[in-house]
Amino acid sequence: MSQTTIKTKLSRRQYFFIIVQTEIGVGILSLPYDLHSAAKQDGWISLLIGGVLLQIVLLVIWLIAKRYPDKDFFQIQEAVFSKWIGKGVSLLYVAYFSMVAMVILLLFVRLISLWVLPQTPFWILALLMILVCLYLASGGLNTMARFYTFVSIFLVVLVAFVLYALKDTQLTFLFPILNSGWMPVIKGANEAVLSFFGFIISLVIYSKVEGSPAQRLRTIFYAHWFVVLFYLFTVLVSFTFFSPVEMSFIQEPLLYMLKSFEFVIVARLDLFFLSIWIVNVATTLTTYVYMTGLGLMDVFNTKKTAPSYMIAALLILIPPLFIGYNMERVDEFNNFVVWLGYIFSVAFLFIIYFVSLIRGSLQKGGSS
Amino acid sequence: MKRKSICILTCLLLLTGCWDTRQFKDVKLVLSIGFDQNDDGTLTETVSIPTVKRSTDGPTSETVQVLTTEGKTPREARDHTDQMIANTFDPSKAKVILMGEELAKNSIQPIFDQFYRNPNNNLNAYIAVVDGKAEDAIRMTPSNESGVSKYISELLEGQINATHSTGENIEVLHGELLEPGIDFAVPLLSIEEEQDMLNFEGLALFHKDAYTGEFIPNHQTTLLMLLEGIRGKLASFTLKVTDEEENAIRNYLTFRVMRNKQDMKVKVENDQVTADISMKLKIRVVEYPSNHLTSKKKIKKLNKKLSELLTEQAEEIIATIQEANSDVFQIGRHVHSYHPDYWKKVKWDEEFPNITITPKVEVDIVQYGVIS
Amino acid sequence: MGFLRNLLGTRDKIEDSSHKGQDQQPNQPSSKKLSENVEYLLNEFKRTDDLKIRAMNNGQAVLMYFEPLVDQEKIQQNIFTPLEMGHVEHISEIPNARSSENLEEMIPTLLRGHAVYMEDGSKTITRFNVTSVFNRNVEEPQNEKIVRGSHDGFIENLMINLNLVRKKIEHRDLVVKYFKVGKKTNTNIAIVYMDGIADPEIVKKMEERIKAISVDMIQSPGYIEEFIEDNPYSPFPQMLNTERPDRVTANIMEGRIALMAEGSPTTLIAPSTFFMFYQASDDYNARWYTGTFVRLVRLASFIIAIGMPAFYIAVISFHYEVLPDELLLPVKSSINEIAYPPILEALIMVVIIELIRESGIRLPSPVGQTIGIVGGLVIGDAVVRAGLVSNLMVIVVALTAIASFVVPSNELSTTLRLMTFPLIFLAGTFGFVGIVFGFLFLTIHLTRLESFGVPYFAPVAPLSISDLKDTFVRLPLFMMKKRPKDAHPLQEKAMGESREWVQHEPDNNKN
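Residues numbered from 1 in each chain as written. Chains lettered and ligands numbered in written order. Predicted model: local features only at pLDDT ≥ 70, side-chain atom pairs only at ≥ 80, totals over all residues. Heavy atoms only, no water.

**Focus on the overall build of chain C**
Phase 1: Scanning chain C from terminus to terminus reveals 18 helices and 12 strands.
Phase 2: Along the longest, intermediate and shortest principal axes, the C-alpha atoms of chain C span 100 × 65 × 40 Å.
Phase 3: Every one of the 511 residues in chain C was classed for burial, and the buried ones make up 52%.
Phase 4: Here the analysis covers contacts within chain C between residues at least 6 apart in sequence; of these, 63% occur between residues at least 24 apart.
Phase 5: Surface accessibility of chain C: about 24000 Å² in total, with carbon and sulfur atoms responsible for 57%.
Phase 6: Each charge class in chain C was averaged separately, 51 positive and 61 negative side chains, and the resulting centres sit 3 Å apart. (Helix = DSSP H or I, 4+ residues; strand = E, 2+ residues; numbered from the N terminus. Buried < 20%, exposed > 50% of the residue type's maximum accessible area, 1.4 Å probe, protein only. Contact = heavy atoms within 4.5 Å. Areas by Shrake-Rupley, 256 points an atom, 1.4 Å probe, with all protein chains shown as cover. Lys, Arg positive; Asp, Glu negative; His and termini not counted. Charge placed at Lys NZ, Arg CZ, Asp CG, Glu CD.)

Written as structure tokens, this is what we have:
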């Protein structure tokens, strides 16, 4: 099937939705809670701060990508750090991506188990999820882009659900603003940044998107701010629906607020919300399976797509099986990966950029 | 490869059992639950379980099973119930949760913990306090009503529609239980033994998570709701506007609220909290036998009279609330939000009874029916 | 007539080239001796009895033909009448005669229903086209009836089918290409497309795939479909199947390719998309509001057909909390006394419905009605009374079956009913979560599918907003100025401003 596919570049619309769908994932349900536990009712300010800070990182991403217009992320590593070091760095990234995927898988299954299927064993849910992602990822980036664009319609449904809760919100819960100073807000920005970690996909597939660099930069920013606004909306609704004290108990406010609504034909909107949310998790996880598989292909210089994705999927599936529902270890692992996230999704990007700058000027100097 | 994996998947699905199935036909749905406190501190839980039987063609026959069990905690009482009934107990579709007066006066938060913790529960069950024992209310067999659960929930719904109560469900209650500076009022039901019916007495005022013992009687609940800015489908008052007529009926005027606008201003000056609640009502007269309301002057006079009467009543309500120390207007929350420094300084529980709350009601007759 | 001969010319060319591929072009020069020639042909045809040899000129010449294939009247009219009337000196001068000296060439000719004339002492063999043709009327196809619009349908004769298409598209760009497929059956198949609109890449792909078929027998386009479609393991049909000339011409004009075969009224259209199966000619003949409404109903039926039993099972065996309070007791009372778990109930009912459908489909209509009564009334009612299946489940499954028949395409309808099964299993194991995973697999599959290199789930994935005008809704025709992008048409524009007159008639706006 794949050989008949007319190899085309992704459109910018598809690029937009890939970034959006990758960023919006497991975190969305608990983001208001996480922000609230760090910054109380000022969490939404932290979110905005996080969004603005990431703007800088996105700019660096773009600057890196612009220097290597026809290389994907892992090829850039080799171009920047020379072949073998580059491969090493790529391998580290593969490890990082697969670990993020593991965390997603762990959190996803934990939430499903908590809310709907308490008895179902871990492995079967994890296996189902990873199979879906494998199936999607092995269809190639074009299929993924098409699928992501299509399922974005469900974001509208999610927003509609949450909009329904607006009727019971109280603006007073957002006040007092900045009562305890800026410190908690800055700390909250940390939580906010976490929920955007999917942004690295914009660098990985940058070279596969059509359009001039400026146009692509605009798309990256649009996608980023779309996600920021989407998060902001959910956070604000949660914060005004639940009172501050209540917020500190409720881990998945978006689900919790939908529990009491009843329509003529259905009740318990949270179950439907959760079902749609699974789609968002699947898209996020697929992106990580894809990135892991792509990294493996580049590192081991192979063109065999199917086995690479399969290895990537196994790599992601097996370790979580040993962690399972053990909340403590999930949290430990999660914190570890978040820490890695700062290194790989933020700090290392700057390193890559500066090394490439230095090499660039050296080469220029050498040639002149 | 794809086919192989599909085969494996299908086998897995077929071989592994169905872990989480909860067959709807195998559960005992509990639609109303009542909690009472015993003298020794244990709980009595009363549940009503409707069982429906359907002959192949005929109408469904519904029998209601009422069980009472004791336990140290709600969950233990529930387990005891479970040991008595066939199949399993399921409160996830509970419509009504009743609390006995004794329990309500103590603390209600522990009762509800199980509902919040379990993801299966619908959080839209109505809650009410029963004057007496909740068990008696649930054991009632109201004639002409299908099932006690349906009866109570529809009774409460009727009160919401008639602007007598807020429609307090467990979800809304959660925030109010936890948040300082917000108190709430819950419908208070009394049992009329002779008619085997329940009666809506008024709104029981809560402070923190306990019933204060004070309640707003049912003729004032509509005004309380309107002062909070809540209006159901229908809000009507019957007020005595004059003493002059001989025929007693002619002294009264009944009106319906068409539109209400409520505004609360909370000020903190010199560490003194004042709250002004102003409300504008546009009304339609639905019964007023003494006058045809043709003159503008008469209407103006009536407007003034009604405003006065309602303001007076509002003052009464506020006095009751402050006496009960039940901050149903959420003034505390306002202070917390907009005057955080003051909030930190004082203990709101001690402060609330002493603050000044001034109500002001303005009434404007805009319609007077099809005759004039 | 002129173009027909032209067509015949092309056919021979392709025929030759395809023969080349199969074996060396057979050549058996004819002999001067009549008996040798006759003997050769008789041997080649294994002395079959229906090969008629008619002696003429006192045994100096013979006319050979397959008796069942020729029309005796045509022989009389085309061969004997001119001879008797004395219009021609010799038989080979008759206008529709063609001569050759290759005996081997006569074999397919005879099989096509031609008559062969041979004379003693002459190497020349003359042949005449005297094929008899038996045709149905071009009546409306049974399975694609419409209310308004043209009521003709394809029949089993390729030439007549092409005639119907040509009549509807009178343009020089309409190209027909012939192929012979099936080593033993030698079935004629034709592809039809608009040159200059259809994507040459796709045409090339189609030709390559048809030429690659190497089988003894081809019976119908359904046969060919499996050889040339992109993904034979997919449950979804990847080529649209129709017997309606208007549907075929509309699709050809969108830049798609039609594939027809001799002996079958079914025409395949490629590349096709999922949503094409939901379009019916009626949509375009009705007002666009009604067209839109009907199409929305049809698409909703897709969800109902595959998701409804699964949803019901998930609700009553996992998530009964989603039932609103009013429904709670009615639902409970109807399922309380049922012996089997819902998943088994659903399977029983779905299988029963399939049985009823399958048994009724081929029976003569009087008996078919009996099946309907026995199946629908007796079983449906009795099964509920017996307490094996709840009446809600009967409603759900019946609704599902009805919804699956709403699809205008029979293929897709069968597919849909098949797709319910995995979803039922998933719903019975994981509830809503299972359904979501099922739908995820399904949509991913649809997104991955391609028909001749063209995405199958277009215009939804990949999204093409302008093409949605004719997907979920049916906007007025004058708003669909461009051809759908999914078929990669070379010429995008399908119409110009057709309602400019509105501006010239200012009064119209007022009224």
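**Remarks on the domain arrangement of chain B**
When the parts of a complex come together, some accessible area is lost, and that lost area is often used as the size of the interface.
All names here are of chain B.
Phase 1: Looking at the assigned domains, one finds that chain B contains domain 1 (26–216) and domain 2 (219–372).
Phase 2: Taking only C-alpha atoms, the centre of domain 1 and the centre of domain 2 are 31 Å apart.
Phase 3: Facing 26 residues of domain 1, the contacting portion of domain 2 comprises 30 residues.
Phase 4: Buried surface at the junction of domain 1 and domain 2, summed over both partners, amounts to about 2000 Å²; 60% is from carbon and sulfur atoms.
Phase 5: A per-residue breakdown of the area domain 1 buries against domain 2 is headed by T163, G181 and I216, which together make up 29% of the total.
Phase 6: Scanning the region where domain 1 abuts domain 2 turns up two salt bridges. (Domains from an automatic or database assignment. Buried area = accessible area lost by both parts, 1.4 Å probe. Salt bridge = Lys/Arg side-chain N within 4 Å of Asp/Glu carboxyl O.)

**What about the interface of chain B and chain A?**
Phase 1: Contacts between chain B and chain A engage 31 residues on the former and 34 residues on the latter.
Phase 2: Together, the buried faces of chain B and chain A total about 2700 Å²; carbon and sulfur atoms form 58% of this surface.
Phase 3: If you look at where chain B meets chain A, you find 14 residue pairs in polar contact (both at pLDDT 80 or more).
Phase 4: Elements represented by at least two residues in the side of chain B that touches chain A include exactly helix 1 (2–15), helix 7 (170–178), helix 10 (331–338) and helix 11 (340–345) of chain B.
Phase 5: Per element, the largest residue contribution to the side of chain B that touches chain A is five residues, and it comes from helix 10 of chain B. (Polar contact = N/O pair within 3.5 Å; in protein donor to acceptor, adjacent residues only side chain to side chain.)

**A few points about the packing of helix 14 (residues 269–299) of chain A against helix 15 (residues 305–323) of chain A**
All names here are of chain A.
Phase 1: Here helix 14 crosses helix 15 at 120°, and the two axes come no closer than 8 Å. It follows that helix 14 is oblique to helix 15 by the angle criterion. For helix 14 against helix 15, the interelement crossing comes out right-handed. Contact residues: helix 14 offers V289, Y290, T292, G293, L294, L296 and M297, while helix 15 offers T305, S308, Y309, I311, A312, L315 and I316. (Axes fitted to C-alpha atoms, helices over the stretch in contact; angles between N-to-C directions. Parallel < 35°, antiparallel > 145°, perpendicular 65-115°, else oblique. Left-handed = near helix turned anticlockwise from the far one by under 90°.)

**Re the packing of aromatic side chains**
Given two aromatic rings, their pairing is described by the distance between the two centres and the angle made by the two planes.
Residues and elements named next belong to chain A.
Phase 1: What the rule picks out here adds up to 57 aromatic pairs over all chains.
Phase 2: Seen in terms of ring centroids, Y93 and F348 are 5.9 Å apart; in terms of plane orientation they differ by 85°. Their pairing is edge-to-face. Pair noted here: Y93 is in helix 5 (residues 83–115) and F348 is in helix 16 (residues 327–367), with a separation of 255 residues, a long-range link.
Phase 3: Judged by its relative accessible area of 0%, Y93 is buried.
Phase 4: Take F348: its relative accessible area is 17%, and that puts it in the buried class. (Phe/Tyr/Trp six-rings, centres within 6.5 Å; stacked < 30°, edge-to-face > 60°.)

**Points about the packing of helix 1 (residues 12–23) of chain A against helix 7 (residues 140–151) of chain A**
Residues and elements named next belong to chain A.
Phase 1: In the contact formed by helix 1 and helix 7, the axes pass within 8 Å of each other and the chain directions differ by 75°. Relative to helix 7, the element helix 1 is oriented roughly perpendicular. Where helix 1 abuts helix 7, its residues Q14, F17, I18, Q21 and T22 lie against L141, A145, R146, Y148, T149 and V151.
Phase 2: When its residues are assigned to classes, the contact of helix 1 with helix 7 shows six nonpolar, four polar and one charged. (Nonpolar A, V, L, I, M, F, W, Y, C, P; charged D, E, K, R; others polar.)

**Quick look at unusual backbone geometry**
Backbone geometry follows two general trends: most residues other than glycine have a negative phi, and most peptide bonds adopt the trans configuration.
Phase 1: Looking along the chain, the bond that leaves F175 of chain A and enters P176 of chain A is cis, with omega of -10°.
Phase 2: Of the consecutive residues A270 of chain C and P271 of chain C, the connecting peptide bond is found in the cis state with omega at -10°.
Phase 3: Considering the arrangement of structural elements, one finds P271 of chain C in the loop between strand 10 (267–270) and helix 9 (281–285).
Phase 4: A positive phi angle, close to 55°, is found at F452 of chain C, a residue other than glycine.
Phase 5: Here F452 of chain C lies in the loop between strand 11 (450–451) and strand 12 (454–455).
Phase 6: Owing to a relative accessible area of 2%, F452 of chain C belongs among the buried residues under this scheme.

**As for the pairing of strand 13 (residues 272–287) of chain B**
Residues and elements named next belong to chain B.
Phase 1: Direction of pairing for strand 12 (residues 252–269) relative to strand 13: antiparallel, over a ladder of 15 bridges. By the bridge assignment for strand 13, V268 is matched with V273.
Phase 2: Counting the residues that bridge the hairpin from strand 12 to strand 13 gives two residues, and of these N270 lies at a positive phi of roughly 50°. (Pairing = 2+ DSSP bridges.)

**Observations concerning the nonpolar core**
Phase 1: Counting 265 residues, the largest nonpolar core has Y93, W277 and L349 of chain A together with F112 of chain B as the members making the most contacts within it.
Phase 2: Here this core takes 19 residues from helix 14 of chain A, the largest share from any one element.
Phase 3: Each residue touching F112 of chain B, except ones within four places of it in the same chain, is listed here: I97, M99, I127, I170 and L173 of chain B.
Phase 4: Core analysis: the second largest hydrophobic core is formed by 69 residues, V148, A185, M279 and L302 of chain B among them. (Core = buried A, V, L, I, M, F, W, Y, C linked by side-chain atoms within 4.5 Å.)

**Section: helix 7 of chain A**
All names here are of chain A.
Phase 1: For helix 7, spanning 12 residues, the distance from its first C-alpha to its last is 17 Å, which sits close to the expected 16 Å at 1.5 Å a residue.
Phase 2: Judged by how many residues are buried, helix 7 sits mostly within the fold: 11 of 12 residues are covered.
Phase 3: For helix 7, the set of buried residues is L141, N142, T143, M144, A145, R146, F147, Y148, T149, F150 and V151. (Expected span 1.5 Å × (residues − 1).)

**Considerations on the sheet that holds strand 11 (residues 236–240) of chain B**
Residue and element names in this part refer to chain B.
Phase 1: Ordered in space as 11-12-13-14, the four strands form an open sheet in which the pairing is mixed. Two strands in the sheet have a free side with no partner beyond their single neighbour: strand 11 and strand 14 (356–367). Direction aside, the axes of adjacent strands within the sheet are offset by 40° on average.
Phase 2: Sheet topology places strand 11 next to strand 12; five bridges connect them, and they run antiparallel.

**Quick notes on a nonpolar patch on the surface**
Residues and elements named next belong to chain A.
Phase 1: Together, W123, L314, I318, L321 and F322 line one region of the surface with nonpolar side chains, adding up to about 490 Å² of accessible area.
Phase 2: Counting residues per element, the nonpolar patch draws most heavily on helix 15, which supplies four residues.
Phase 3: Looking at the secondary structure, you find W123 in helix 6 (residues 122–137).
Phase 4: Residue classification places W123 among the partly exposed residues on the basis of a relative accessible area of 34%. (Patch = residues over 30% accessible without salt bridge, like charges linked within 9 Å, V, L, I, M, F, W, Y side chains within 5 Å.)

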